[in-house]
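Commentary on secondary and tertiary structure
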Amino acid sequence: MVHYIHSDASYFGETNGRSRAAGFAFLGNKHIPGTIPSTPINGAILVRSNILDVVVSSAAEAELGAVFENMRDATSICLTLDNCGYPQTATPIQTDNLCAIGFAIEFVNTSF
């Protein structure tokens, strides 16, 4: 049993230039390296939708803020699963902004 997260954000979509963070956490099957992930979405164990506390300057920053908030929630879920006998490795998280993904893995392609 593995804890998965889908994370998303909307940039500049709220009043006063604020952004919204969202996340969907669920439990799925363990991924076997070298295969295509085919984890069906199980019932949600956590759904979040909130306005970020800070005003960000790009969609990538909004996505990173959403990833941060979702991973902060994931910490307690992973500890609970571990205490219940389901040890967790790194939590797979899905986001849809390539620049934010580049920041997250410490690599951004700067060629034009």
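This text gives an overview of the structure that appears in the document. These numbers were taken from a predicted model, which means no experiment stands behind them.

**What to know about the nonpolar core**
Ala9, Ala21, Leu52, Val56, Ala62 and Ala66 together form the largest nonpolar core, which totals 6 residues. Residues contacting valine 56, with those up to four places away along its chain left out, are Tyr11, Ser19, Glu61 and Ala62.

**Here's the deal with the pairing of strand β2 (residues 20–28)**
Taken together, the 9 bridges between strand β1 (residues 2–10) and β2 define a ladder with antiparallel strand orientation. In the sheet register, histidine 3 faces β2, and the bridge partner there is leucine 27. For β2 and strand β3 (residues 44–51), the ladder comprises 7 bridges, and the chain directions are antiparallel. Looking at β3, one finds that alanine 22 is bridged to serine 49.

**Some remarks on unusual backbone geometry**
A positive phi is found at phenylalanine 12, a non-glycine position, where the angle reads about 60°. Within the secondary structure layout, phenylalanine 12 lies in the loop between β1 and β2. The exposure class assigned to phenylalanine 12 is exposed, which follows from its relative accessible area of 55%.

**Here we look at the environment of arginine 18**
Within the secondary structure, arginine 18 is located in the loop between β1 and β2. As a C-alpha pair, arginine 18 and valine 56 span 38 residues in sequence and 7.3 Å in three-dimensional space. The contact partners of arginine 18, leaving out residues within four places of it in the chain, are Phe12, Gly13, Ile51 and Val55. Only 2.8 Å separates the side chain of arginine 18 from the side chain of threonine 15, close enough to count as a polar contact.

**A look at the pattern of salt bridges**
Per the counting criterion, the structure on display carries 4 salt bridges. Between glutamate 14 and arginine 20 there is a salt bridge, and its shortest N-O distance comes to 3.0 Å. Taking relative accessible area as the criterion, arginine 20 reaches 26% and is therefore assigned partly exposed. Aspartate 73 serves as the salt-bridge partner of arginine 48, at 2.8 Å between the closest nitrogen and oxygen. Remark: aspartate 73 occurs in helix α1 (residues 59–83) and arginine 48 occurs in strand β3; sequence separation between them is 25 residues. Its relative accessible area of 15% is what places arginine 48 among the buried residues. One connected set of salt bridges, linked through shared partners, spans Arg48, Glu69, Arg72 and Asp73.

What counts as what
- Residues numbered from 1 in each chain as written.
- Predicted model: local features only at pLDDT ≥ 70, side-chain atom pairs only at ≥ 80, totals over all residues.
- Heavy atoms only, no water.
- Core = buried A, V, L, I, M, F, W, Y, C linked by side-chain atoms within 4.5 Å.
- Buried < 20%, exposed > 50% of the residue type's maximum accessible area, 1.4 Å probe, protein only.
- Contact = heavy atoms within 4.5 Å.
- Pairing = 2+ DSSP bridges.
- Helix = DSSP H or I, 4+ residues; strand = E, 2+ residues; numbered from the N terminus.
- Polar contact = N/O pair within 3.5 Å; in protein donor to acceptor, adjacent residues only side chain to side chain.
- Salt bridge = Lys/Arg side-chain N within 4 Å of Asp/Glu carboxyl O.

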